[in-house]
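# A closer look at the structure
Chain by chain, the residues:
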Amino acid sequence: MNWGSVSEFLAMGGKGLYVWGSYGVAFAVIALEIGLLVMRRHAAGKDQ
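Here the structure is a predicted model, which is why all the values come from computation and not from measurement. (Residues numbered from 1 in each chain as written. Predicted model: local features only at pLDDT ≥ 70, side-chain atom pairs only at ≥ 80, totals over all residues. Heavy atoms only, no water.)

## Re the pattern of salt bridges
Our working definition: We define a salt bridge as a contact between a side-chain nitrogen of Lys or Arg and a carboxyl oxygen of Asp or Glu at a distance within 4 Å.
All chains considered together, the criterion is met by one salt bridge. Put simply, Arg40 and Glu33 hold a salt bridge, and the shortest N to O gap is 3.6 Å.

Spelled out as structure tokens, the structure:
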């Protein structure tokens, strides 16, 4: 695909909200999972 400007790229042919929303949700879930893993690892270290 060829976009003429940054705003056209972000709009993604009218599907920008879906595309960037999907990236946002995926990033949030991955960040949450990493945070939960760090908390569990920290809690497991206190038990020993």
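## Describing the environment of Ala28
Using the following cut-off: Per the convention used, a helix needs a DSSP run of H or I reaching at least four residues, while a strand needs a run of E reaching at least two, with both numbered from the N terminus.
Take Ala28: it is sitting in helix H2 (residues 16-47). Remark: the alpha-carbon pair of Ala28 and Gly13, spanning 15 residues in sequence, is separated by 24 Å.

## Points about unusual backbone geometry
Stated formally: Here's how the labels work: a residue is buried when its accessible area is under 20% of the maximum for its type, exposed when over 50%, partly exposed in between, all with a 1.4 Å probe on protein chains only.
We note that Met12 has phi near 50°; this positive angle belongs to a residue other than glycine. For Met12, the position within the fold is in the loop between helix H1 (6-11) and H2. With relative accessibility at 22%, the residue Met12 sits in the partly exposed group.

## Observations concerning a nonpolar patch on the surface
Definition in use: Patches here: salt-bridge-free residues with over 30% relative accessible area, like charges joined within 9 Å, nonpolar side chains (Val, Leu, Ile, Met, Phe, Trp, Tyr) joined within 5 Å. All accessible areas in this document rest on Shrake-Rupley with a 1.4 Å probe, and a residue is counted as covered only by the protein chains that are shown.
Together, Trp3, Val6, Phe9, Leu10, Trp20 and Tyr23 make up an exposed nonpolar region whose accessible area comes to about 600 Å². Breaking the nonpolar patch down by element, the ones donating at least two residues are H1 and H2. Take the nonpolar patch: its biggest share by element is three residues, from H1. By the secondary structure assignment, Leu10 is in helix H1. Residue Leu10 is classed as partly exposed on the basis of its relative accessible area of 45%.

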